[in-house]
Amino acid sequence: MAHNSYEVMMSLALDALLTQEEEKELNQHLQSCSTCAQLWDDMTIINTMFTASAEVAPPANFSANVLARVESYESGRRWYPWIVGVLVAASVIAASLWALPALFLSLGLPDLLAEWPVIGEIIDAATRGYIAIQIGVSWVVELANTWFSYLLNEPASLAVILTALVLASTWIGLLEGIKATRNAAVSSQTA
Amino acid sequence: MLTDQELVVQVINGDQQAFAELVERYQQAAYNLAYRMLGNPGEAEDAAQEAFLRAYQHIKRYDTSRPFKTWLLSITSNHCIDRIRKRRLTWLSIDEPLPPHPALTSSAPQPEASTIAEERNAAIQALLSDLEPDYRMAVVLRYWYDMSYVEIADIMETTESAIKSRLFRARRMLAEQLQTGSTLALSVAMESA
């Protein structure tokens, strides 16, 4: 039988999984092979050592800590539907606030309600605010649009800006590289 | 006393106290497995707690025809192997001395006995830490849980012959470590054997 097979048999013998014949065969081999006999001795030492080793006990507060984690998980689960609900509600309200004035204006309601003194003033203020926001947004969009179309229509300007950016980043990279080399030299000297 | 399966049914019905009872029953089994695999009391505690939490979160997936302990140890085993693999990506320090376990250093009545237990434990952990995670797990389940090859294969989701091979290779590696004599294991092993 191959040498390796006896090694496998040794492991099985430690787990009491050999038949009587196999055990006898292994014992005969161990008497004639010093390499296997040495391995068997070492495996037996390991076996005794590990078998004698007891389970280690967890810290006293282990159980309480597990239950605290479970409770934390459960409370998260309890709050989850509420959080989702609030977020959905907030989104709906925000969308409505944004859309309502437009609807309001398109229906011509301000003219109808303006005759009511207090409501009329509130509507006036809201309308002015809404129009101001619209003007602000359109102004920003227009400015960005102008810049983009200018750059696209003037390839030379675009090239100049891109070249400047590349040069600036190369210069910064070079400075950082020099600084890192210096630091490495200083730290190797001190070490 | 309620069986594990009855407790699981109660947990599924929302009874956290039933889960507390399961934690009481198997905390040592889960913690010891994590400690033997990870070799560090703090990390073992966190890993075993995480294993319990995962068991709680997936309690509905538990197959009541299997022993609860086997299922829990299977979760702990997978989690520990994952941790070891992730740990290897960030740092590898098998040469670092392993911290002694507090349970072996704090409450032993005799200082000499405590020292021997502590040294033996450190030697065992040093030997285990050199094994591949899959081999280590097979050895731990065989020695500390007295499991059959079939039971180990069930936990590690592999075949009985794979376990036979892993145990044989692991034992040969451990024996070779004794031969090299590079660890504390040799002297302590000789004393304790």
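Bear in mind that the values here come from a model prediction, so they are computed numbers and not experimental data.

Observations regarding the overall build of chain A
Point 1. Across its full length, chain A holds 7 helices and 0 strands.
Point 2. Each helix and strand of chain A, ordered N terminal to C terminal, gives the series α-α-α-α-α-α-α.
Point 3. With 191 residues in all, chain A has 20% of them scored as buried.
Point 4. Contacts in chain A between residues far apart in sequence, at least 24 positions, make up 42% of those at least 6 positions apart.

Quick notes on the overall build of chain B
Point 1. Summing up its helical and strand segments, chain B has 10 helices and 0 strands in all.
Point 2. Listing each helix as α and each strand as β along chain B from the N terminus yields α-α-α-α-α-α-α-α-α-α.
Point 3. Residue pairs at least 24 apart in sequence account for 63% of intrachain contacts in chain B once pairs closer than 6 positions are excluded.

Describing the packing of aromatic side chains
Point 1. Tallied over the full model, the rule gives 11 aromatic pairs over all chains.
Point 2. Summarising the aromatic geometry, the rings of Phe 50 of chain A and Tyr 143 of chain B are spaced 5.5 Å apart at their centres and angled 85° between planes, so their arrangement reads as edge-to-face. In this pair, Phe 50 of chain A sits in helix H3 (residues 34-52) while Tyr 143 of chain B sits in helix H7 (residues 133-144), so the two residues belong to two different chains.
Point 3. Among the residues examined, Tyr 143 of chain B registers a relative accessible area of 13% and is labelled buried.
Point 4. Residues Phe 50 of chain A and Trp 144 of chain B carry aromatic rings whose centres are separated by 5.5 Å and whose planes lie at 40° to one another, so their mutual orientation is tilted. Of this pair, Phe 50 of chain A sits in helix H3 while Trp 144 of chain B sits in helix H7, which puts the two residues in different chains. Both residues of the pair, Phe 50 of chain A and Trp 144 of chain B, belong to the buried class.
Point 5. Grouped by ring-pair contacts, the aromatic residues Phe 62 and Tyr 73 of chain A together with Phe 19, Tyr 31, Phe 52 and Tyr 56 of chain B constitute a single cluster.

Here we look at helix H2 (residues 20-32) of chain A
All names here are of chain A.
Point 1. With 13 residues, H2 should reach 18 Å at 1.5 Å per residue; the first-to-last C-alpha distance of 19 Å fits that figure.
Point 2. Inspection of H2 places Leu 26, His 29 and Leu 30 among the buried residues, and these make up the whole buried set. For H2, the arc enclosing every buried residue in end-on projection is 100°, short of the 170-degree limit, so these residues lie on one face. Facing away from the buried side of H2 by more than 90 degrees, the exposed set consists of Gln 20, Glu 21, Lys 24, Gln 28, Gln 31 and Ser 32.
Point 3. For H2, the elements touching its buried residues are helix H1 (3-14) and H3.

Focus on the environment of His 79 of chain B
Residue and element names in this part refer to chain B.
Point 1. Within the fold, His 79 resides in helix H4 (residues 68-90).
Point 2. Residue His 79 is classed as buried on the basis of its relative accessible area of 7%.
Point 3. Separated by 45 residues in sequence, His 79 and Ala 34 have C-alpha atoms that sit 8.8 Å apart.
Point 4. Contacts of His 79, omitting those with residues within four sequence positions, involve Ala 47, Glu 50 and Arg 54.

Some remarks on the interface of chain B and chain A
Point 1. Each side of the interface is counted separately: chain B has 49 residues, and chain A has 38 residues.
Point 2. Summed over both sides, the interface between chain B and chain A buries roughly 4,000 Å², with carbon and sulfur atoms accounting for 66% of that surface.
Point 3. Broken down residue by residue, the surface that chain B buries against chain A is led by Gln 49, Tyr 143 and Phe 168 of chain B, which jointly contribute 15%.
Point 4. In this structure, the connection of chain B to chain A is made through 5 salt bridges.
Point 5. Residue Glu 7 of chain A is joined to Arg 172 of chain B by a salt bridge in which the shortest nitrogen-to-oxygen separation is 2.8 Å.
Point 6. For the pair chain B and chain A, the number of links is 20 residue pairs in polar contact (both at pLDDT 80 or more).
Point 7. The set of elements that each furnish at least two residues to the side of chain B that touches chain A consists of helix H2 (16-38), helix H3 (41-57), helix H5 (102-105), helix H6 (111-129), H7, helix H9 (160-180) and helix H10 (185-192) of chain B.

A look at the pattern of salt bridges
Point 1. If you walk through the whole model with that rule in mind, you get 14 salt bridges over all chains.
Point 2. Of the charged contacts in the structure, one is a salt bridge between Arg 25 of chain B and Asp 4 of chain B, with a shortest N-O distance of 2.6 Å. Taken together, the residues span a long stretch of sequence, with Arg 25 of chain B in helix H2 and Asp 4 of chain B in helix H1 (residues 4-12) at a distance of 21 residues.
Point 3. Across the salt bridge formed by Arg 66 of chain B and Asp 154 of chain B, the nearest N and O atoms sit 3.4 Å from each other. Highlighted residues: Arg 66 of chain B in the loop between H3 and H4 and Asp 154 of chain B in helix H8 (residues 149-156), separated in sequence by 88 residues.
Point 4. Relative accessible area serves as the criterion here: at 34%, Asp 154 of chain B is assigned to the partly exposed category.
Point 5. Several salt bridges converge on common partners, so that one network encompasses Arg 69 of chain A together with Glu 43, Asp 46, Glu 50, Arg 54 and Arg 83 of chain B.

Rules and cut-offs
Residues numbered from 1 in each chain as written. Chains lettered and ligands numbered in written order. Predicted model: local features only at pLDDT ≥ 70, side-chain atom pairs only at ≥ 80, totals over all residues. Heavy atoms only, no water. Helix = DSSP H or I, 4+ residues; strand = E, 2+ residues; numbered from the N terminus. Buried < 20%, exposed > 50% of the residue type's maximum accessible area, 1.4 Å probe, protein only. Contact = heavy atoms within 4.5 Å. Phe/Tyr/Trp six-rings, centres within 6.5 Å; stacked < 30°, edge-to-face > 60°. Expected span 1.5 Å × (residues − 1). Arc of directions from axis to C-beta. Buried area = accessible area lost by both parts, 1.4 Å probe. Salt bridge = Lys/Arg side-chain N within 4 Å of Asp/Glu carboxyl O. Polar contact = N/O pair within 3.5 Å; in protein donor to acceptor, adjacent residues only side chain to side chain.

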